[in-house]
Amino acid sequence: VFASMLVTSAGMLVIRSMSIVLLGLTGRNWALGYIGADVCLYLVVKMLRGDFWYWVPTGGYAEILSSTIARILVKIVTDFTSLV
């Protein structure tokens, strides 16, 4: 079971990376559009589930900014390294 999960996870990383590379070769805007749509969809789902706010209680616009940056950084790190 461990080996099959490891191979599946590695395959998904390769597929995602190659998709972005091929879109980048097609045109930079296609790759940026794909990544932007993915991140926006992720943030919308987080907001709809009520899980958007990050734990740092800064208040006001700083809280919105820190939550957005933290969620985007976590999304990028987990998507390209599979660190959970």
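Residues numbered from 1 in each chain as written. Predicted model: local features only at pLDDT ≥ 70, side-chain atom pairs only at ≥ 80, totals over all residues. Heavy atoms only, no water.

## A closer look at the packing of helix H1 (residues 2–26) against helix H3 (residues 60–81)
As a reminder, the rule being used: Only C-alpha atoms enter the line fits that serve as axes; for helices the fit covers just the stretch in contact. Angles between N-to-C directions range over 0 to 180 degrees. Counting from the N terminus, the helices are DSSP H or I runs at least four residues long and the strands are E runs at least two residues long. Each angle is binned into one of four classes, with values under 35 degrees roughly parallel, values over 145 roughly antiparallel, values of 65 to 115 roughly perpendicular, and all other values oblique. Only heavy atoms matter for contacts: two residues are in contact if any of them lie within 4.5 Å across the pair. Nonpolar residues are Ala, Val, Leu, Ile, Met, Phe, Trp, Tyr, Cys and Pro. Charged residues are Asp, Glu, Lys and Arg, and all others, Gly as well, are polar.
Between H1 and H3, the shortest axis-to-axis distance is 8 Å and the interhelical angle comes to 110°. Comparing their axes, H3 and H1 come out roughly perpendicular. Between H1 and H3, the contacting residues are Leu13, Arg16, Ser17 and Ile20 on the first element and Asp79, Phe80 and Thr81 on the second. Among the residues forming the contact of H1 with H3, the class breakdown is three nonpolar, two polar and two charged.

## Looking at the packing of aromatic side chains
Note the threshold: A pair of aromatic rings is counted whenever rings of Phe, Tyr or Trp (Trp by its six-membered ring) have centres within 6.5 Å, and the orientation is called stacked for planes under 30 degrees apart, edge-to-face for over 60 and tilted otherwise. Definition used: whenever NZ (Lys) or CZ (Arg) falls within 6 Å of the ring centre and also within 35 degrees of the ring normal, the charge is taken to sit over that ring.
This model, assessed by the stated rule, comprises one aromatic pair. The ring of Phe80 carries the charged tip of Arg16 above its face, separated from the ring centre by 5.4 Å.

## A short note on the pattern of salt bridges
Quick reminder of the rule: Salt bridges are identified by distance alone: a Lys or Arg side-chain nitrogen within 4 Å of an Asp or Glu carboxyl oxygen. Relative accessible area decides the class of each residue, using a 1.4 Å probe on protein chains only: under 20% of the type maximum gives buried, over 50% gives exposed, and in between gives partly exposed.
Scanning the entire structure with this criterion turns up five salt bridges. For Arg16, the salt bridge goes to Asp79, with nearest N and O atoms at 3.0 Å. Separated by 63 residues along the polypeptide, Arg16 in helix H1 and Asp79 in helix H3 bring together distant segments of the chain. When sorted by exposure, Arg16 lands in the same class as Asp79, which is buried. Linking Asp38 and Lys75 is a salt bridge whose minimum nitrogen-to-oxygen distance equals 3.3 Å. One end of the pair, Asp38, is in helix H2 (residues 28–49); the other, Lys75, is in helix H3, and 37 residues separate them in sequence.

## Side note on the environment of Asp79
On the accessibility criterion, Asp79 (18% relative accessible area) is buried. A sequence separation of 29 residues divides Asp79 from Gly50, and the C-alpha atoms of the two residues are 21 Å apart. What Asp79 contacts, discounting residues up to four positions off in sequence, is Leu13, Arg16 and Asp38.

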